[in-house]
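# Coordinate analysis (summary)
Spelled out, the chains give:
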Amino acid sequence: MSSFFDALVQPDIPFMRYALLVGVLGSVAFGVVGTYVVSRRISYLAGAISHSILGGVGAALYLREVHGLAWCHPMLGAVVAALAAAVLVGLASLWAGQREDSVIGAIWVVGMAVGLLFFAKLPSGFDPMSYLFGYVVLVTRQDLWIVVGLDALVVGLAVLLHNRFLAVCFDEEFARLRGIASRGYYLLLLCLTALTIVLLVRVVGIVLVIALLTLPAATAGQFARRLGPMMLLAGLFCMTAVVLGLGISYEHSLPTGPTIVLLAGAVYLAVVAGGRLRSAVRPGVMSKNNGTEIVP
Amino acid sequence: MTSSSAISVRDVNFSYGGVPVLEGVSFDVAVGEIVSVVGPNGGGKTTLLKLLLGLLRPASGRIRVLGQSPEQARLRVGYMPQHSLHDLQFPVSVMDVVLMGRLGCRGAGRLPSWYSAEDRRAARAALEQVEMVSFARRSFAELSGGQRQRVLLARALCSQPELLLLDEPTANVDTVAETRLADVLRQLGRSKTILMVSHDLGFVTNLVEKVICVNRQVVVHPTSEISGESIHDLYGHEMRMVRHDQHLCTGGDGHE
């Protein structure tokens, strides 16, 4: 890992420092929001939101490169598309009833299709693959400041409204009966999920970012019995995967996004397998994930 | 509706997509009464409960809860849903679940992220009422069905409601848990109006004063008048008679 640490202090390759900082800062939001996503079982909604980002990125690049709108940053397009998808997905989830999965699937693929069409009309040199699977070279100082702002917004709101989100995620109907605007909070949670996804799109890519949102939280869920500790652990698992993934990919010239996601996946599988093994070796002790009643 | 009515339902009709579920339903529940709503599956019990909670609106007719519309009365009502409807993997402690009952209480939890000391005192008191205070720090997922049901009852009690609405309080709980729950409800019945939806006729006949039989329409009986004949009329077929150690009752579907 020595060359990775050397690269971090090299003035001529600042993107490594930016990518590391974006990863570490983004992990905080991923730990918090990922825990809500996994606990509320809305990973597939987050998947639809993340994939629709390509439409926003493509549109922003098209407006900037073809129509000369210099202020149209791809991250702005990503944020707008992610928020629009979050609202649409949320409305579908709340009101589409049995057709919820069809509507969400449509948002998932339409967002990608729109993005690919915009990329086809861009001048040469713009490759959607770098957005789909991540490309740390693309991380700039400007991205870092955007990530700092989004991170503060996401974590601040999630902490400030924690009790409301907890009530809505655990029992939406009861929260509504206690006078909480549960549908509004649900949509807000999806919007926070959208902003969180945007944070690490540059590092791990649109396709793989959903894994980083869910795997560390699912791993943390194997240990934690309350939402707060689960968020903390999920953030640490996410941060570890990002830092180690960046280092390993740099050392061995591997693509960064897949390396990070494979590390997160390997830790999750190891923890689940360890839990099952412990249950098998010590009869009567069930792994947490079995959901078995322990107290008579 | 009389001034002493906790619940007043008048000529209520409700249908799902043109299929009538409740027709011409009228009944009253007096303040301080313990009543049960019984009836076959699909008879409209849950729909009636949702109408009383203001989660559904009747096509016609009038519902008053504690002298207000169901929506206006929500914060004065404690609601206990079935424990089996909750995600058993959800990482939440017993205390966190009970504290949710403080949401919407005046002066409580003003900051959205923190519950006040008053909220925590109320939650502990509610847990003491259902004899679950020693479980406050435990994970909700680790509890048995009966314990979870009592925690949800504590959540309903946490806001000190005037009326308790309980949905199948004995569903998926064993007989020991059922007995403990009955003891708790008997205690609560001294100070609160309670309406419970139940399949378990053995449980309710020993606990309530009045039974509201729902099968699209409603017939109200004092508990003492519940007989094999009235049950046959309600369910449309013969029911099993189950002899318990202490009393004889008529068993409903699945009641052993």
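Everything here concerns the structure above.
Since this is a predicted model, take the numbers as computed values, not measurements.

About the criteria used
Residues numbered from 1 in each chain as written. Chains lettered and ligands numbered in written order. Predicted model: local features only at pLDDT ≥ 70, side-chain atom pairs only at ≥ 80, totals over all residues. Heavy atoms only, no water. Helix = DSSP H or I, 4+ residues; strand = E, 2+ residues; numbered from the N terminus. Buried < 20%, exposed > 50% of the residue type's maximum accessible area, 1.4 Å probe, protein only. Contact = heavy atoms within 4.5 Å. Areas by Shrake-Rupley, 256 points an atom, 1.4 Å probe, with all protein chains shown as cover. Pairing = 2+ DSSP bridges. Expected span 1.5 Å × (residues − 1). Buried area = accessible area lost by both parts, 1.4 Å probe. Salt bridge = Lys/Arg side-chain N within 4 Å of Asp/Glu carboxyl O. Polar contact = N/O pair within 3.5 Å; in protein donor to acceptor, adjacent residues only side chain to side chain. Patch = residues over 30% accessible without salt bridge, like charges linked within 9 Å, V, L, I, M, F, W, Y side chains within 5 Å. 1 Å grid on protein atoms, 1.4 Å probe; cavity = no way out; pocket = protein on both sides within 12 Å on 5 of 7 lines; lining within 4 Å. Points joined across faces, edges and corners; volume = space filled by probe spheres on them. Nonpolar A, V, L, I, M, F, W, Y, C, P; charged D, E, K, R; others polar.

### As for the overall build of chain B
Helix and strand content of chain B: eight helices and eleven strands. Of all 256 residues assigned to chain B, the portion counted as buried reaches 59%. Of the contacts made within chain B by residues no fewer than 6 positions apart, 64% connect residues no fewer than 24 positions apart. Here chain B displays about 11,000 Å² of accessible surface, and carbon together with sulfur accounts for 47% of that area.

### A look at the pairing of strand β7 (residues 193-197) of chain B
Residues and elements named next belong to chain B. A large share of β7 lies buried, amounting to five of its five residues. The side-chain alternation of β7 yields two buried faces, one formed by T193, L195 and V197 and the other by I194 and M196. Relative to β7, strand β3 (residues 34-38) is paired through four bridges, and the arrangement is parallel. Residue V35 lies in a different strand from β7, and its bridge partner there is L195. With five bridges connecting them, strand β6 (residues 163-167) and β7 associate as parallel partners.

### Considerations on helix α13 (residues 227-251) of chain A
Helical periodicity: at 3.6 residues per turn, an α-helix aligns residues three or four positions apart in one direction. All names here are of chain A. An ideal rise of 1.5 Å per residue puts 36 Å on 25 residues; α13 measures up with 36 Å between its terminal C-alpha atoms. Taken as a whole, α13 has its buried residues at L227, M230, M231, A234, G235, C238, A241, V242, G245, L246, G247 and S249. Where α13 terminates, the next one or two residues include S253, which has phi positive at roughly 50 degrees.

### Quick notes on the interface of chain B and chain A
Taken residue by residue, the interface counts 39 residues in chain B and 32 residues in chain A. With both chains or domains summed, chain B and chain A bury close to 3,400 Å², and 56% of this area falls on carbon and sulfur atoms. At the surface where chain B touches chain A, the tally comes to five salt bridges. Of the charged contacts, one joins R225 of chain A and E142 of chain B as a salt bridge, the two residues approaching to 2.5 Å between their closest N and O atoms. For the pair chain B and chain A, the number of links is ten residue pairs in polar contact (both at pLDDT 80 or more). Counting residues per element, the side of chain B that touches chain A draws most heavily on helix α5 (residues 145-157) of chain B, at four residues.

### Section: the environment of Y135 of chain A
Residues and elements named next belong to chain A. Tracing the backbone shows Y135 in the loop between α6 (128-133) and α7 (141-160). The partly exposed category is assigned to Y135, whose relative accessible area is 44%. Not counting residues up to four positions away in its chain, the partners in contact with Y135 are S130, R202 and V203.

### Remarks on a nonpolar patch on the surface
Taken together, the side chains of W71, L76 and V80 of chain A define a hydrophobic patch exposed on the protein surface, amounting to about 340 Å² of accessible area. With respect to the secondary-structure elements, V80 of chain A resides in helix α4 (residues 74-95).

### Looking at the pattern of salt bridges
Inspection of every chain in the model, using the stated rule, returns 16 salt bridges over all chains. A single network of salt bridges, built from pairs that share partners, joins R225 of chain A together with R138 and E142 of chain B.

### Thoughts on empty space enclosed by the protein
Any empty space left between the atoms is revealed when a probe the size of a water molecule rolls over them. Counting across every chain of the model gives one cavity of 30 Å³ or more. For the largest cavity, the calculated volume is near 60 Å³. Secondary structure elements with two or more residues in the lining of the largest cavity: α9 (172-177) of chain A together with β5 (77-80) and α5 of chain B. Sort the elements by how many residues they give to the lining of the largest cavity and β5 of chain B lands first, with three residues. The residue makeup of the lining of the largest cavity, split by class, is six nonpolar, two polar and three charged.

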